[in-house]
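Structural features, examined
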Amino acid sequence: MIIAIANDHGGTELKHFLLQQMQKQEGLKIIDLGINDLHSVDYPEYAGRVCQALRAGEAERGILICGTGLGMSMAANRYPGIRAALCHDEFTARLSRQHNDANILVLGGRVTGAPVAEAIVQVWLATAFEGGRHQRRIQLMDK
Ligand code: RB5
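The notes below deal with the structure included here.

Analysis parameters
- Residues numbered from 1 in each chain as written.
- Predicted model: local features only at pLDDT ≥ 70, side-chain atom pairs only at ≥ 80, totals over all residues.
- Heavy atoms only, no water.
- Phe/Tyr/Trp six-rings, centres within 6.5 Å; stacked < 30°, edge-to-face > 60°.
- Lys NZ or Arg CZ within 6 Å of the ring centre and 35° of its normal.
- Buried < 20%, exposed > 50% of the residue type's maximum accessible area, 1.4 Å probe, protein only.
- Helix = DSSP H or I, 4+ residues; strand = E, 2+ residues; numbered from the N terminus.
- Contact = heavy atoms within 4.5 Å.
- Polar contact = N/O pair within 3.5 Å; in protein donor to acceptor, adjacent residues only side chain to side chain.
- Near = heavy atom within 4 Å.
- Areas by Shrake-Rupley, 256 points an atom, 1.4 Å probe, with all protein chains shown as cover.
- Nonpolar A, V, L, I, M, F, W, Y, C, P; charged D, E, K, R; others polar.
- Core = buried A, V, L, I, M, F, W, Y, C linked by side-chain atoms within 4.5 Å.
- Salt bridge = Lys/Arg side-chain N within 4 Å of Asp/Glu carboxyl O.
- Axes fitted to C-alpha atoms, helices over the stretch in contact; angles between N-to-C directions.
- Parallel < 35°, antiparallel > 145°, perpendicular 65-115°, else oblique.
- Left-handed = near helix turned anticlockwise from the far one by under 90°.

1. With respect to the packing of aromatic side chains
This structure, assessed with the given rule, holds zero aromatic pairs. It is Arg61 that lies over the ring of Trp124; its NZ or CZ is 4.8 Å from the centre.

2. Thoughts on helix α1 (residues 12-22)
Burial in α1 covers these residues: Thr12, Leu14, Lys15, Leu18, Leu19, Gln21 and Met22. In this structure, the buried residues of α1 make contact with β1 (2-7), β2 (29-32), β3 (61-66), β5 (104-108) and α5 (114-126).

3. Structural notes on the environment of Ser73
Tracing the backbone through its elements, the reader meets Ser73 in helix α3 (residues 70-76). Using a relative accessible area of 11% as the deciding quantity, one classes Ser73 as buried. Separated by 13 residues in sequence, Ser73 and Leu86 have C-alpha atoms that sit 6.3 Å apart. For Ser73, the contacting residues outside a window of four places in its chain are Leu86 and Val106. One polar contact links the side chain of Ser73 to the main-chain carbonyl oxygen of Gly69, over a distance of 2.9 Å.

4. Re the site of the ligand
As a matter of local geometry, the ligand sits amid Asp8, His9, Tyr43, Cys66, Gly67, Thr68, Gly71 and Arg110. Between an oxygen atom of the ligand and a side-chain N or O atom of His9, the distance comes to 3.4 Å. In this structure, an oxygen atom belonging to the ligand sits 2.7 Å away from a main-chain N or O atom of Gly67. If the ligand stood free it would expose 290 Å²; the protein chains cover 71% of that surface. Of the residues belonging to the shell around the ligand, the class tally is two nonpolar, four polar and two charged.

5. Digging into the nonpolar core
Membership of the largest hydrophobic core comes to 21 residues, with the highest contact counts inside it found for Leu18, Met22, Ile63, Leu105, Leu107 and Val121. The set of elements that each furnish at least two residues to this core consists of β1, α1, β3, β5 and α5. Element by element, the count of residues in this core is highest for α5, at six residues. Residue contacts for Leu105: discarding those within four places in its chain leaves Gly62, Ile63, Leu64, Ala85, Cys87, Ile120, Val121 and Trp124. Counting residues in each nonpolar core, the second largest holds 20 residues, with Ala6, Ile35, Leu64 and Val106 among its members.

6. Let's talk about the pattern of salt bridges
Within the structure shown, the criterion is met by four salt bridges. Among the salt bridges present, the one from Asp101 reaches Arg83, with a minimum N-O distance of 3.3 Å. Here the residue Asp101 occupies a position in the loop between α4 (90-98) and β5, and Arg83 occupies one in the loop between α3 and β4 (84-86), the gap between them amounting to 18 residues. Each member of the pair, Asp101 as well as Arg83, is classed as buried. One network of salt bridges, with partners in common, ties together Arg83, Arg97 and Asp101.

7. A short note on unusual backbone geometry
Note that the residue after Gly34, namely Ile35, is joined by a cis bond; omega there is -10°. Note that Ile35 resides in the loop between β2 and α2 (43-55).

8. Some details on the packing of α4 against α5
How two helices pack is summed up by the angle between their axes together with the distance between the axes. Contact pair α4 / α5: the axes reach a minimum separation of 8 Å and the direction vectors enclose 20°. Classed by the angle they form, the pair α4 and α5 counts as roughly parallel. Considering the relative orientation of α4 and α5, their crossing is right-handed. Residues Glu90, Ala93, Arg94, Ser96 and Arg97 of α4 lie in contact with α5, whose contacting residues are Ala119, Ile120, Val123 and Trp124. Across the contact of α4 with α5, the residue classes tally to five nonpolar, one polar and three charged.

Shown next as structure tokens:
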């Protein structure tokens with residue numbers, strides 16, 4: 001699976017932690033779209049990078065991290081075909097895949113601790129969309 005990942009300065013630290021874990025995982029290819037230091041940037045630009053990568057078919061799923069996760073999820077959800085889910089625990093991560101077919105996971109680097117974020121990422125990557133009635137609801141969102 002190809003994953004595009006990006007963050008602003010509020011998410012750099014958490015991204016670096018997650019990359020260490022994800023790079024060990026077989027079957028994952030990660031496209032890192034920045035940033036990799038702590039200088040202040042505007043989160044909509046980095047949300048856009050990941051959304052464009054998904055829309056262009058360069059990545060199957062995305063991960064976005066800002067301080068709270070709020071700005072990234074607001075920005076990402078403006079792009080057609082993007083279903084970005086801000087998750088704070090494994091339960092919402094699992095349901096965001098099973099019911100909402102979320103194609104972007106959003107995390108708050110100043111909200112969610114590294115071990116919890118790692119568990120969220122693992123569940124989110126491993127969980128499939130259930131389809132059925134949920135497919136209809138997703139189509140309704142795109143109308
Ligand atoms: C940046 O200071 C902060 O506003 C940003 O990371 C994010 O939390 C926005 O929603």
